[in-house]
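# Structural description and commentary
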Protein chains: 2
Amino acid sequence: MKKSLVLAPGPTQVPPEVLAATAKPTIHHRTPQFETLFGEVSCKLCDVFQTKSPVVIFSASGTGAMESAVVNLLSAGDTVLTVEAGKFGERWGELCKAFGVNSVAVKAEYGEVVTAAQVEAALRANPGAKAVFATLCETSTGVLSPIEEFAKVVAKSEAVLVVDGVSGLAADVLRTDAWGVDVVIAGSQKALMMPPGLAFAAISEKAQGLMARSKLPKYYWSWPKAIKNLRDNTTAYTPAVNMIYGLAAACDMLLAEGMESVWARHARLAHAMRAAAQAIGLEIFAKAPSNTVTSIRVPAGVDGGKIPKIMRDKHGVTIAGGQGTMKGNIFRFAALGWCNDFDVTTALTALEYTLNELGHAVEPGKAVSAAIAAMQSPVPAAV
Amino acid sequence: MKKSLVLAPGPTQVPPEVLAATAKPTIHHRTPQFETLFGEVSCKLCDVFQTKSPVVIFSASGTGAMESAVVNLLSAGDTVLTVEAGKFGERWGELCKAFGVNSVAVKAEYGEVVTAAQVEAALRANPGAKAVFATLCETSTGVLSPIEEFAKVVAKSEAVLVVDGVSGLAADVLRTDAWGVDVVIAGSQKALMMPPGLAFAAISEKAQGLMARSKLPKYYWSWPKAIKNLRDNTTAYTPAVNMIYGLAAACDMLLAEGMESVWARHARLAHAMRAAAQAIGLEIFAKAPSNTVTSIRVPAGVDGGKIPKIMRDKHGVTIAGGQGTMKGNIFRFAALGWCNDFDVTTALTALEYTLNELGHAVEPGKAVSAAIAAMQSPVPAAV
């Protein structure tokens, strides 16, 4: 009787209420019924994204919405900054390159954080930069970017700040309007507690100004078309109707809890996972750890690739290994989305089993006990 | 106790088995479990698409997969032919224009069909044309293109034939490999009996040759990346896992019935709808009617916009009105996907009610009786 628990950084667990909503009979999208639903969902999304700007919805994965930001904001030959300290920051660079945009990478080593001072210096060195592309939580390393500080620096320039919040939105704190973030990209399959298949872009007025001057070719991803249709409570092309049902249910759950409480819950669970790892002598890989993903260095002498494999195949707990150069060096837990204390203790119990099975002895209950203690204490203010 | 019946040309009715499949717990996509599922689905899709070529899957609406064909086959400045006799043929032209491709429109009036002779003449006049973009069923008019004839003509040239089968696939006959169609685009929400949110492209070897020379910018839509990942039973970016569950269930239903039988069923139901319309003196709008969508001219003296509205709001049957310049002039029935004889009689009963309510008297049961007679007789060979 193996039970499955997904604690990977997306897809995440989907509440049965949300799955059931996605399985309602499909209605036609060019109807008052759908338009009412879509209009309501759009309002809820603004609350989740903490913005009064339009949040457009695409049938796509998060990468699609990232592409939409590049092709709607820029023209070939434009210069931009891309904050790169992991696989997803590098994706901004790859996207820009694919579309003929000059991207100047502002870099840090994997596990390290790019600072606002670096971004400020890069903006000074590239005064014509049209945009700064950053990542809220760099999923590949677990590092949290100082988005609020980035926003202060970028606000002083003509550039817009575009944040990939695909994994981090509704997990790590992101006050879009209050901080002055221009564009936030997200996907459905992370803290939004949905299956994969929807992607989002919140678009500020400043970003809409840049959008009006963009010349890169676009059709499916057109923000002007999406914004115009959003005003009529619809989409330019056939929306994923059943996913919109699910989105409404998921937003209702998030907003009933309240975004401040949602963030606090993620902070508490992530803090507990870090405390548990440290209690059994493991090292947190990220220097500025996010609450979205907890990345842990594989202990010396352990075959790192086997940790997620045994966790999943023997114990039913899906976590993630390292990607690219991180393969075998780190493993990643994400108490992301529909998670509570007992998911954390389950995952840590499975981790204790797994490490023992790999010959790395753990005193029974040591990691779990540390997590329990941490979850019952206030989260340190610095986190 | 109003029951809802969707007989619009997409989204269509989704069988409860398929909806239930989409509501299964979301699993992680980078797992052997998902790869097994995805590999099996890919094989089933090849059978549905009637091809041995790769069928790549995008999280997107059908328009996204249409865009993928333009950006993966072409370079800026290329010349192509676009077969345009309705809104969706025109979409090929718009897409080409958006990406800097010269599209030469091969046109017919709405309701008429573009002939293979027209395509042949246009290819002769544009010997460098890289591709011919056509539409299996032009959803806006209900016209069926002679794709087999197009393929014969295009095969004699260097060009590839790209067919928008978004509405028509698995409804009107399409023998992709046997006819030599190079690219077939489709969407999940039509005869594939799924909610909207997945889009597909079947890509022949000839098309892959052209793809290798394409220079238009691409990232999310990259066919080379999609084909490479497909060989490993996965996708480049997070797939819509739950929709893939549903797709497996839907393909199982289609293949259990058999594609020949699926096509014959659509032919039989569409023939019955045409017979019913003609029995009550209505005119079929399409000169070469598809089995995907039955478009009917609004009778003189009736407010055409009210037909779909009363059908839906009073009787619970969702059909489509006309789009663009066709608004108020035609209405469109689609016994598409998960439909049988009794859906047709229900819809026609609602139509009889509606026409009577709009002051256009119909002898009770006349349309329905004609459909019943037609459904019990062999379908004329010419259809």
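Values in this document were obtained by computation on a predicted structure and should not be read as measured data. (Residues numbered from 1 in each chain as written. Chains lettered and ligands numbered in written order. Predicted model: local features only at pLDDT ≥ 70, side-chain atom pairs only at ≥ 80, totals over all residues.)

### Details of the overall build of chain A
- Secondary structure summary: chain A contains 14 helices and 14 strands in total.
- In summary, chain A has a C-alpha radius of gyration of 21 Å against a globular reference of 21 Å for 383 residues, a match within 12%.
- In terms of overall dimensions, chain A has a C-alpha envelope of 60 × 55 × 35 Å along the principal axes.
- Residues classed as buried in chain A amount to 60% of the 383 residues present.
- A separation threshold of at least 6 residues defines the contact pool for chain A, and within that pool the share at least 24 residues apart is 72%. (Helix = DSSP H or I, 4+ residues; strand = E, 2+ residues; numbered from the N terminus. Rg over C-alpha atoms; globule rule 2.2 N^0.38 Å. Buried ≥ 20, exposed ≤ 12 C-beta atoms within 10 Å, placed from the backbone. Contact = placed C-beta atoms within 7 Å.)

### A few points about the domain arrangement of chain A
Residues and elements named next belong to chain A.
- Structurally, chain A comprises domain 1 (5-10 + 258-375) and domain 2 (16-257).
- Computed from C-alpha coordinates alone, the two centres of domain 1 and domain 2 are separated by 27 Å.
- Listed per partner, the contact involves 27 residues of domain 1 and 27 residues of domain 2.
- Secondary structure elements with two or more residues in the side of domain 1 that touches domain 2: helix H11 (259-279) and strand S11 (294-297).
- Here the side of domain 1 that touches domain 2 gets five residues from one element, more than from any other, and that element is H11. (Domains from an automatic or database assignment.)

### Concerning the pairing of strand S8 (residues 160-164) of chain B
Residues and elements named next belong to chain B.
- Buried residues dominate S8, accounting for five of its five residues.
- Side-chain alternation along S8 places Val160, Val162 and Asp164 on one buried face and Leu161 and Val163 on a second face that is also buried.
- Pairing of strand S5 (residues 131-135) with S8, which is carried by five bridges, proceeds in the parallel orientation. In the strand pairing of S8, Phe133 is matched with Val162.
- One ladder, built from three bridges, connects S8 with strand S9 (residues 183-187); its direction is parallel. Residue pairing for S9: Val163 is matched across the bridge by Val184. (Pairing = 2+ DSSP bridges.)

### What to know about the interface of chain A and chain B
- At the junction of the two partners, chain A supplies 42 residues and chain B supplies 43 residues.
- Counting residues per element, the ones that place at least two in the side of chain A that touches chain B are helix H1 (16-22), helix H3 (62-73), helix H4 (87-98) and helix H10 (241-257) of chain A.
- Of the residues assigned to the side of chain A that touches chain B, the class counts are 22 nonpolar, 17 polar and three charged. (Nonpolar A, V, L, I, M, F, W, Y, C, P; charged D, E, K, R; others polar.)

### As for the relation of the copies chain A and chain B
- Expressed as a screw transformation, the operator carrying chain A onto chain B has a rotation angle of 180° and an axial translation of 0.0 Å, and the superposed copies differ by an RMSD of 0.0 Å. On the angle and the small slide along the axis, the relation comes out as a two-fold axis. Using C-alpha coordinates, one finds that chain A approaches the rotation axis most closely at Ala60(A), a distance of 2.5 Å. (Least-squares fit on C-alpha atoms with pLDDT ≥ 70 in both.)

### Looking at the sheet that holds strand S14 (residues 330-333) of chain A
All names here are of chain A.
- Pairing is antiparallel across the open sheet formed by three strands, whose spatial order is S11-S14-S13. The strands lining the two open edges of the sheet, one partner per strand, are S11 and strand S13 (320-321).
- Sheet analysis places S11 next to S14, joined by four bridges and oriented antiparallel. Paired with Ser295 across the bridge in S14 is Arg332.

### Overview of the packing of helix H13 (residues 341-357) of chain A against helix H14 (residues 366-375) of chain A
All names here are of chain A.
- In the contact formed by H13 and H14, the axes pass within 8 Å of each other and the chain directions differ by 160°. Looking at the two axes, H13 sits roughly antiparallel to H14. Between H13 and H14 the crossing geometry is right-handed. Facing H13, whose interface residues are Asp341, Val344, Thr345, Leu348, Thr349, Leu351 and Glu352, H14 presents Ala367, Val368, Ala371, Ile372 and Met375.
- For the contact of H13 with H14, the class distribution of residues is eight nonpolar, two polar and two charged. (Axes fitted to C-alpha atoms, helices over the stretch in contact; angles between N-to-C directions. Parallel < 35°, antiparallel > 145°, perpendicular 65-115°, else oblique. Left-handed = near helix turned anticlockwise from the far one by under 90°.)

### Quick look at the sheet that holds strand S14 (residues 330-333) of chain B
- Reading across the sheet, the three strands line up as S11-S14-S13 (chain B) and stay open at both edges, with antiparallel pairing between neighbours. At either margin of the open sheet sits one strand with a lone partner, and together these are strand S11 (294-297) and strand S13 (320-321) of chain B.

### Quick look at the pairing of strand S4 (residues 102-107) of chain A
- As judged from the six bridges shared by strand S3 (residues 79-84) of chain A and S4(A), these two strands associate in the parallel manner. Within S4(A), the position partnered with Thr79(A) by the bridge is Asn102(A).

### Brief notes about the environment of Asp47(A)
- With respect to the helices and strands, the residue Asp47(A) is situated in helix H2 (residues 32-49).
- Spatially, the C-alpha atoms of Asp47(A) and Phe285(A) are 32 Å apart, while their sequence positions differ by 238 residues.

### Some remarks on the packing of helix H12 (residues 306-313) of chain B against helix H13 (residues 341-357) of chain B
Residue and element names in this part refer to chain B.
- At their nearest, the axes of H12 and H13 sit 9 Å apart, and the two run at 120° to each other. With respect to H13, the element H12 is oriented oblique. Crossing geometry of H12 relative to H13 is assigned as right-handed. Where H12 approaches H13, its residues Ile307, Ile310 and Met311 are matched on the opposing element by Ala350, Leu351, Thr354 and Glu357.
- Its residues assigned to classes, the contact of H12 with H13 shows five nonpolar, one polar and one charged.

### Structural notes on helix H2 (residues 32-49) of chain B
Residue and element names in this part refer to chain B.
- Here H2 spans 25 Å end to end across 18 residues, near enough to the 26 Å set by a 1.5 Å rise per residue.
- Those residues of H2 not exposed but buried are Phe34, Leu37, Phe38, Val41, Leu45, Val48 and Phe49. For H2, the angular spread of buried residues about the axis comes to 95°, placing them on one side. Turned more than 90 degrees from where H2 packs its buried face, Pro32, Thr36 and Cys43 sit exposed.
- The inward-facing, buried residues of H2 contact strand S2 (55-59), helix H7 (176-179), S9, strand S10 (198-203), helix H10 (241-257) and helix H11 (259-279). (Expected span 1.5 Å × (residues − 1). Arc of directions from axis to C-beta.)

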